[in-house]
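Next come the chains, spelled out residue by residue.
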Amino acid sequence: METILTLNGISKSYGRIKALSGVSFEVPPGSVFGILGPNGSGKTTLLSIILDVLKADSGNFLWFGKHGSPEQRKKIGSLLETPNFYHYLSAVNNLKITNSISNRGDVTQINDVLEKVKLFERRNSRFSSYSLGMKQRLAIAAALLGSPKVLVFDEPTNGLDPVGIAEIRELIIELSKNGHTIIMASHLLDEVEKVCTHVAILKRGTLITTGNVNDVLVDDDLVEISAANIDALFSVMNNYSNGIKITRDGNMIQLIFPKGTAKLDDINNFCFNHGIILNHLVFKKKRLEAKFFELTNN
């Protein structure tokens, strides 16, 4: 199938500040593609470039295998920042104004997009009466005008309360099921883990890694062990296997195994056969936050 977006060596600087350094990756069709990174990692700059808001210093990008054009731009709905809706107007009238400015689609789509974002019942309510989550859903409705194949969102849950965050997450999943490819920037690992199928991780403008979320953000097996003679235990465990990472924290030793490979019976037997009786042996899942921290802080 045709690749939705291809980035080839995108670089951008603001004076001496290097916002992006040769970023390249591909967005497959039908994916929810997360661009993940701490604040200041270049996410918004990257989205601004692919939406022709900013111009890259070098490199290029292709939408649907071709260089950008007004015709292709109509296939892409975007939400870089919340639109300036009129507080005293209803959702319907705000979208009519948005439609007349953007000249995308027609007014007959307004009820349809309000249905999609679950605001149809409140279509005639003033924007000022909406919660933050509802306001964000109306902004997404505006991005849906013109029936775009692709939706580009910058931090879509930023500033929302837990209820609003859950609503936007559910909406993104629903839009994906309905055939939209979604590209979204986020600094929240939990958000990407819950809604994205693919991810690119940025750190200070550099692409750290990209791929399927389950491959990139794999959660390793973590085992904690301890014994009366912690020094002897640490020495013995360094001979256990080449495939694990061993760290010591006071009277506790942590063993990090590739996902699904830790076997507590084998560890216990290995220690016993080397003259060590364990007084603590606990299996834990390594938190994805720890994996993300490793990727972005090395």
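Structure first, text after, so check above.
Residues numbered from 1 in each chain as written. Predicted model: local features only at pLDDT ≥ 70, side-chain atom pairs only at ≥ 80, totals over all residues. Heavy atoms only, no water.

1. Thoughts on the nonpolar core
Ranked by internal contacts, the top residues of the largest apolar core, which has 41 residues, are Leu-95, Leu-114, Leu-138, Ile-140, Phe-153 and Ile-172. It is helix H5 (residues 132–144) that provides the largest number of residues to this core, a total of 8 residues. If sequence neighbours within four positions are ignored, Phe-153 has contacts with Leu-47, Leu-79, Ile-140, Ala-143, Ile-172, Ile-182, Ile-183, Met-184 and Ala-185. With 26 residues, the next largest nonpolar core counts Ile-10, Ile-35, Ile-49 and Phe-61 among its residues. (Core = buried A, V, L, I, M, F, W, Y, C linked by side-chain atoms within 4.5 Å. Buried < 20%, exposed > 50% of the residue type's maximum accessible area, 1.4 Å probe, protein only. Helix = DSSP H or I, 4+ residues; strand = E, 2+ residues; numbered from the N terminus. Contact = heavy atoms within 4.5 Å.)

2. Comments concerning the sheet that holds strand S1 (residues 5–14)
Reading across the sheet, the 3 strands line up as S2-S1-S4 and stay open at both edges, with antiparallel pairing between neighbours. Strands with a single pairing partner mark the edges of an open sheet, and in this sheet they are strand S2 (17–27) and strand S4 (58–63). Neighbour-to-neighbour, the strand axes of the sheet open up by a mean angle of 20 degrees, direction not taken into account. In this sheet, S4 lies alongside S1 in antiparallel orientation, the contact comprising 5 bridges. From the neighbouring strand, Leu-5 faces S4, where its bridge partner is Trp-63. Sitting on the sheet, helix H1 (residues 43–50) touches S1, S2 and S4, and the angle it makes with S1 is about 120 degrees. (Pairing = 2+ DSSP bridges. Axes fitted to C-alpha atoms, helices over the stretch in contact; angles between N-to-C directions.)

3. What about the environment of Ser-100?
With respect to the helices, strands and loops of the structure, Ser-100 is situated in helix H3 (residues 91–102). On the basis of relative accessible area, Ser-100 is assigned to the exposed category, the value being 54%. Taking the C-alpha atoms as reference points, Ser-100 and Lys-116, separated by 16 residues in sequence, lie 20 Å from one another.

4. Regarding the side chain of Asp-154
Along the polypeptide, Asp-154 turns up in strand S6 (residues 150–154). Buried charge without a salt bridge: Asp-154, with Lys-43 as the nearest opposite-charge side chain at an N-O distance of 6.5 Å. There is a polar contact of 2.8 Å between the side chain of Asp-154 and the side chain of Thr-44. (Lys, Arg positive; Asp, Glu negative; His and termini not counted. Salt bridge = Lys/Arg side-chain N within 4 Å of Asp/Glu carboxyl O. Polar contact = N/O pair within 3.5 Å; in protein donor to acceptor, adjacent residues only side chain to side chain.)

5. Considering the pairing of strand S7 (residues 181–186)
Judged by how many residues are buried, S7 sits mostly within the fold: 6 of 6 residues are covered. Looking at chain direction, strand S3 (residues 32–36) and S7 are connected through 5 bridges and run parallel. Of the residues in S7, the one forming a bridge with Leu-36 is Ser-186. Of the pairings in the sheet, the one linking S6 to S7 comprises 5 bridges and is parallel in character. Bridge pairing in S7 links Leu-151 to Ile-182. Considered for its hand, the β-α-β crossover made up of S6, helix H6 (residues 162–177) and S7 is right-handed. (Right-handed = clockwise from strand over helix to strand, strands pointing away.)

6. Examining the pattern of salt bridges
Any two side chains of opposite charge can pair, given that their charged atoms come close. Scanning the model with the defined rule gives 6 salt bridges in all. A salt bridge links Glu-167 to Arg-137, with the shortest nitrogen-to-oxygen separation between them at 3.3 Å. A residue pair is termed long-range when its members are at least 10 positions apart, and Glu-167 in helix H6 and Arg-137 in helix H5 qualify at 30 residues. Since its relative accessible area comes to 27%, Glu-167 is described here as partly exposed. For Arg-137, a relative accessible area of 10% corresponds to the buried category. With a closest N to O distance of 3.3 Å, Asp-190 and Lys-194 form a salt bridge. One end of the pair, Asp-190, and the other, Lys-194, are both in helix H7 (residues 189–195), 4 residues apart, so they sit about a helical turn from each other. Residue Asp-190 is classed as partly exposed on the basis of its relative accessible area of 29%. The network of salt bridges with shared partners includes Arg-169, Asp-190 and Lys-194.

7. Regarding the packing of helix H9 (residues 230–237) against helix H10 (residues 264–273)
Describing two packed helices takes the angle between their axes plus the distance from one axis to the other. One way to put it is that H9 packs onto H10 with a least axis distance of 11 Å and a crossing angle of 115 degrees. The angle between H9 and H10 places the two elements in the roughly perpendicular class. Of the two possible hands of crossing, H9 and H10 adopt the one that is right-handed. Contacts between H9 and H10 pair Leu-233, Val-236 and Met-237 from the former with Ile-267, Phe-270 and Cys-271 from the latter. Across the contact of H9 with H10, the residue classes tally to 6 nonpolar, no polar and no charged. (Parallel < 35°, antiparallel > 145°, perpendicular 65-115°, else oblique. Left-handed = near helix turned anticlockwise from the far one by under 90°. Nonpolar A, V, L, I, M, F, W, Y, C, P; charged D, E, K, R; others polar.)

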